[in-house]
Every structure is written in structure tokens, then in C-alpha cells.
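Given next are the chains, with one letter for each unit.
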Amino acid sequence: MNEPTQVDETIYVQQIERDGYSIVENVISRDDVRVLIDAVAALPIGDEIRRKRSTYGVRNLLEICPEVRKLAASAPIRSLVTPILGDDCFAARAIFFDKTPDANWKLGWHQDSVISVRERIEVSGFVGWSQKAGVRQVQPPAEVLANMLAIRVHLDESHADNGPLRVLPGSHKFGWLDDEIDAWKRNVAEVVCQVSVGGVVAMHPLLIHASSASVEPTHRRVIHIEFAAEELPGGLEWNQRVRPS
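Described below are features of the structure shown in this document. None of the values given here were measured: they were computed from a predicted structure.

The antiparallel open sheet is built from 4 strands, whose spatial order is S5-S13-S10-S11. Edge positions in the sheet fall to strand S5 (107-110) and strand S11 (191-192), since each has one partner strand and no second. Pairing of strand S10 (residues 165-167) with S11 involves 2 bridges; the strand directions are antiparallel. Within the sheet, the bridge partner assigned to Arg166 lies in S11 and is Val192.

Written out as C-alpha cells, the structure is:
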């Protein structure tokens, strides 16, 4: 991995706190990008992987892909997380998604709403239990997600025509906004997150965001890594805790 990207930490932290996201270019090298692309493409078919003609979605990357575990523990990535969550932070979940002519999906405006845990334990405020590819998922209280940070590593350029991430700045500060998303859409100008190969979008999970289908679909590969730093209540445990050894 590269040396950590040099960013103005004060400005970066202020933007994350104010807007709920920040774009940082040139976080990992093109050589590292190629290693990650090849590693994901080589994963054996299993419940974690969605394919049409090529891989377009993978769950549980921390569990099944050593190269992504290495990425999550690397200095360039952690340099974007520790100013927000502190040195004790760890990667708790990672997923991969792509947009191709065969899988040109879109997502409406929403907030990320689930975490992955080791086993189901009934704890007040944790609802909507499910199991995907063998891993338990649950919607926690909003304050759990408010104390997390997602790092979206771009393996391809993300531009206006290939279904980039779109965000509503500032919407991460107010907990669950299920009944207020339409008002946010009316009153806040969306930002289109255009990112070069090897760049990163850091974002709060509660930030309202969306993604359109590509106008001219090619690859738009992203590795999405979620970080936390706090313990869960009531005996619940994060399914993964990846940090430097």
C-alpha cells in the first residue's frame, strides 16, 4: 500500500462533521487497485457473490478476501478513519459492488441501516434481524451508526454518467430520517461525488445518499468498508474487527 495520503486533517474533519462526507483523491496506487480488482474477480463462487457475466456484488469481503483485510488495516485507509473515530477503530464490514451492462442497478435516496454481528441476541433498539450469506445483520439504534464511518475505495473512475454516489450534505446529523427524506430532497442541493481511480469517499452511514443507473454502463467498482470504534451493548459483538496487527 502507499504511504498515507497527505490531507489537511483539520479541514477533513470539519467537512466530515459538517457535511457528512469528504472526497480524497489518490489514496491508493493503480498497482494496488489492480491487485484488488484481481483478488475480487478470483473469489470462488459462493453465497457471498452475485454474478451475471461478471462479479457485480460481494458480501462479507473481510471474511473471504485477504487483500481487502489488508486494505482495511492499511495506513492510507486508517489515516482517513482515525481522525474521526480514534486509534482504536476497526473495520467491521466490507462489501464490493459494480455496475455493468448486465447489472446496471440503482438505489433511491436512503440511509445505511444495518450492521453485521456475530450472533443474534435480543437487545432493546436492535430490530429487523436478517441473515445474508451466513452473517447476521440487524438495524441498530441510530446512535450506533452515527459513531461509524464508511470508506468507499474507487477501483474505477466515478463520473456523472456512470451512476456515481449522490449525497445530501448535512443529513447525517439527525438520526433516522425515513419520514423526512422527501423534505431533504426538496430543500438541500444534492452533491455528485466524482472520484478518480484510487480515490476515496469517506462518509457517515446516516448520510442520505443515492445512486442512479449508469448512462453508458462500464465498470464502476467500489470497495465499501465500514469502521467502528465502540462496543455493542447487551453481549452483541461485531462480526469482524480488522485492525493493524
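In this section: the pattern of salt bridges. Once their charged atoms are close, side chains differing in charge can pair, the charge on each being opposite to the other. The final tally for this structure, using the stated rule, is 9 salt bridges. Here Arg241 and Glu231 are joined by a salt bridge, their closest N and O atoms 2.8 Å apart. With Arg241 in the segment after strand S14 (222-228) and Glu231 in the segment after S14, this residue pair connects regions lying 10 residues apart in the sequence.

This paragraph deals with the sheet that holds strand S6 (residues 115-117). The strand order across the open sheet built from 3 strands is S6-S8-S7, with neighbouring strands paired in antiparallel fashion. Either end of the sheet is taken by a strand with one partner, and the two such strands are S6 and strand S7 (127-132). Taking each pair of neighbouring strands and ignoring which way they run, the sheet shows an average axis angle of 35 degrees. As judged from the 4 bridges shared by S7 and strand S8 (residues 135-139), these two strands associate in the antiparallel manner. By the bridge assignment, Gln131 is partnered in S8 with Arg136.

So, about the environment of Trp184. Position of Trp184 relative to the elements: it lies in helix H7 (residues 181-187). Residue class for Trp184 comes out buried when judged on its relative accessible area of 15%. Trp184 sits 14 residues away from Gly170 along the chain, and the two C-alpha atoms are 9.7 Å apart. Excluding its chain neighbours within four sequence positions, the residues that come into contact with Trp184 are Leu168, Pro169, Gly170, Ser171, Phe174, Leu177 and Ile208.

Reading the values: rules and limits
Residues numbered from 1 in each chain as written. Predicted model: local features only at pLDDT ≥ 70, side-chain atom pairs only at ≥ 80, totals over all residues. Heavy atoms only, no water. Pairing = 2+ DSSP bridges. Helix = DSSP H or I, 4+ residues; strand = E, 2+ residues; numbered from the N terminus. Salt bridge = Lys/Arg side-chain N within 4 Å of Asp/Glu carboxyl O. Axes fitted to C-alpha atoms, helices over the stretch in contact; angles between N-to-C directions. Buried < 20%, exposed > 50% of the residue type's maximum accessible area, 1.4 Å probe, protein only. Contact = heavy atoms within 4.5 Å.

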